[in-house]
Amino acid sequence: MVHNSPDTEKTYLITGAAGFIGFFLAKRLLEQGCKVVGIDNLNDYYDVNLKNTRLELLQPSETFTFKKVDISDKAALVKIFAEYKPNVVVNLAAQAGVRYSLENPDVYIESNITGFFNILEACRHYPVEHLIYASSSSVYGANKKVPFSETDFVDHPVSLYAATKKSSELMAYTYSHLYKIPITGLRFFTVYGPLGRPDMAYFNFTNKYFAGEPIKIFNNGDVENDLFRDFTYIDDIIEGVERLLSCPPVGSGESPVTHQIFNIGNNRPAKLMEFIETLERCLSKSLGKEVIFDKIFEPIKPGDVPATFASTERLEKAIGFKPQTTIEQGLQNFADWYIKFYLGA
């Protein structure tokens, strides 16, 4: 398939624009001269300073408009659609995190179900050329078959977060079927990189190290049967999303519904301990002195899955791309950024 660059005549609406993936996607589109409307509720699930920093990096662009809006506020969302009439919508606003969903279930229903429903309704009443939304590798639950393929059975979510993402896929399919909206769902696999989410393990471990605290590893200290994760570098995620923007699903005779789902993962899972050792090496290099984390091993938490591993064949076939960045490269970029941003070094 030919890779078309985003159309600079179109207006792209990105929800969760102050978030990790939202920021990098907005940045990429703005660099290409596209008109981007970004919305975010700037909640304090993690450090708001980081969200503000991302927004500040986008603000100088003349083609960027930011509105503080919560997608669960239907009236405010509809107003944005009525005013800006986006051609393409990328819904990245969501309440993330598996463990947080154990203590704060309400916000997941509000953001990931009600919020996404509002987006679908808005796309129905203000027709768009393409709606892309974030799903998650967590929909695969505790699937034993690896790598995870888009055709796998995903009816056994093991966390409320996963259940809300599976619900999004079902609602998207229905709206696509009923109202012929071209919709693409993306199952992201453990995204990491500079300016990332502080609640993610690699970021949290780094914070703990500089605070002089031990890190907790939820794998029972079992190195043989360690957790596998398909860590995917942010640039690879953005490249995939950008290529898909101009590839809305086209219904055919046998499958007339214009809804498609892709995994976006690295297709090269790493053991958690291997990932941690690589992070120690990269931080040592950035700092110029040896970094070794003080480690505490604990049992796996409810809702965590033992392995995530993406099959990326469908994505490759559709857009001719598969993630390329090694963990070594990606974590070095993160370590360099972290030291500069937090330590001013």
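Structure's up top.
Owing to the predicted nature of the structure, the values given are computational and were not obtained by experimental measurement.

### Looking at the overall build of the protein
Thinking step 1. Within the protein, the secondary structure is distributed over 11 helices and 13 strands.
Thinking step 2. Rg of the C-alpha trace for the protein: 20 Å, near the compact-globule value of 20 Å for 345 residues, within the 12% margin.
Thinking step 3. Summarising its shape, the C-alpha atoms of the protein cover approximately 55 × 45 × 40 Å along the three principal directions.
Thinking step 4. Every one of the 345 residues in the protein was classed for burial, and the buried ones make up 54%.
Thinking step 5. Sequence separation of at least 24 residues holds for 81% of the intrachain contacts in the protein that already meet a minimum separation of 6.
Thinking step 6. Carbon and sulfur atoms make up 52% of the accessible area of the protein, which totals about 15000 Å².
Thinking step 7. Taking the 35 positively charged and 42 negatively charged side chains of the protein as two groups, their mean positions are separated by 2 Å.

### A word on the pattern of salt bridges
Thinking step 1. For the structure on display, the rule yields 15 salt bridges.
Thinking step 2. Between E239 and R243 there is a salt bridge, with the nearest N and O atoms lying 2.8 Å from each other. Remark: R243 and E239 occur in helix α8 (residues 234-245); sequence separation between them is 4 residues, near one turn of the helix. Note on accessibility: E239 and R243 belong to one class, buried.
Thinking step 3. For the salt bridge of E328 with R281, the shortest nitrogen-to-oxygen distance reads 3.0 Å. With E328 in helix α11 (residues 327-343) and R281 in helix α9 (residues 272-287), this residue pair connects regions lying 47 residues apart in the sequence.
Thinking step 4. Among the residues examined, R281 registers a relative accessible area of 44% and is labelled partly exposed.
Thinking step 5. A single salt-bridge network, built from bridges that share partners, covers R28, E239, E242 and R243.

### What to know about the sheet that holds strand β6 (residues 183-188)
Thinking step 1. The 7 strands lie next to each other as β3-β2-β1-β4-β5-β6-β11, forming an open sheet whose pairing is parallel. Edge positions in the sheet fall to β3 (64-68) and β11 (259-264), since each has one partner strand and no second. Between one strand and the next, the sheet's axes are offset by a mean angle of 20°, whatever the strand orientation.
Thinking step 2. As paired elements, strand β1 (residues 11-15) and strand β4 (residues 88-91) share 4 bridges and run parallel to each other. Looking at β4, one finds that L13 is bridged to V89.
Thinking step 3. Packed on one face of the sheet, helix α6 (residues 160-179) meets β5 (130-136), β6 and β11 and runs near 155° to β5.

### Thoughts on the environment of T278
Thinking step 1. Tracing the sequence through the fold places T278 in helix α9.
Thinking step 2. Of the residues examined, T278 reaches a relative accessible area of 6% and is grouped as buried.
Thinking step 3. In sequence terms T278 and Y179 are 99 residues apart; their C-alpha atoms lie 48 Å from each other.
Thinking step 4. Residues within four places of T278 in sequence aside, it is in contact with I327, E328 and L331.

### Details of the packing of aromatic side chains
Thinking step 1. Enumeration according to the criterion identifies 35 aromatic pairs in this entry.
Thinking step 2. Ring geometry for F148 against F189: centres 6.4 Å apart, planes inclined by 40°, an arrangement best described as tilted. Placement of F148 in the loop between β5 and α6 and of F189 in the loop between β6 and β7 (191-192) is noted, with a sequence separation of 41 residues between them. As far as the burial class goes, F148 and F189 line up, both buried.
Thinking step 3. Ring plane angle 75° and centroid distance 5.8 Å describe the contact between F203 and Y338, whose orientation is recorded as edge-to-face. Of this pair, F203 sits in helix α7 (residues 201-210) while Y338 sits in helix α11; the two residues are 135 residues apart in sequence, bridging distant segments of the chain.
Thinking step 4. According to the relative accessible area criterion, F203 is buried, its value standing at 0%.

### Notes on unusual backbone geometry
Thinking step 1. Between V146 and the following residue, P147, the backbone shows a cis peptide bond with an omega angle of -5°.
Thinking step 2. In this fold, P147 is placed in the loop between β5 and α6.
Thinking step 3. Located in the positive-phi region is L42, a residue other than glycine, with phi close to 50°.
Thinking step 4. Mapped onto the fold, L42 is located in the loop between β2 (35-40) and α2 (48-58).
Thinking step 5. In this structure L42 comes out as buried when scored by relative accessible area, which is 17%.

### A word on the side chain of K51
Thinking step 1. Positionally, K51 belongs in helix α2.
Thinking step 2. No salt bridge is formed by the buried K51; the nearest opposite charge belongs to D40, separated by 4.9 Å.
Thinking step 3. Here K51 is in contact with A18, L42, N43 and Y46, once residues within four sequence places are set aside.

Criteria and cut-off values
- Residues numbered from 1 in each chain as written.
- Predicted model: local features only at pLDDT ≥ 70, side-chain atom pairs only at ≥ 80, totals over all residues.
- Heavy atoms only, no water.
- Helix = DSSP H or I, 4+ residues; strand = E, 2+ residues; numbered from the N terminus.
- Rg over C-alpha atoms; globule rule 2.2 N^0.38 Å.
- Buried < 20%, exposed > 50% of the residue type's maximum accessible area, 1.4 Å probe, protein only.
- Contact = heavy atoms within 4.5 Å.
- Areas by Shrake-Rupley, 256 points an atom, 1.4 Å probe, with all protein chains shown as cover.
- Lys, Arg positive; Asp, Glu negative; His and termini not counted.
- Charge placed at Lys NZ, Arg CZ, Asp CG, Glu CD.
- Salt bridge = Lys/Arg side-chain N within 4 Å of Asp/Glu carboxyl O.
- Pairing = 2+ DSSP bridges.
- Axes fitted to C-alpha atoms, helices over the stretch in contact; angles between N-to-C directions.
- Phe/Tyr/Trp six-rings, centres within 6.5 Å; stacked < 30°, edge-to-face > 60°.

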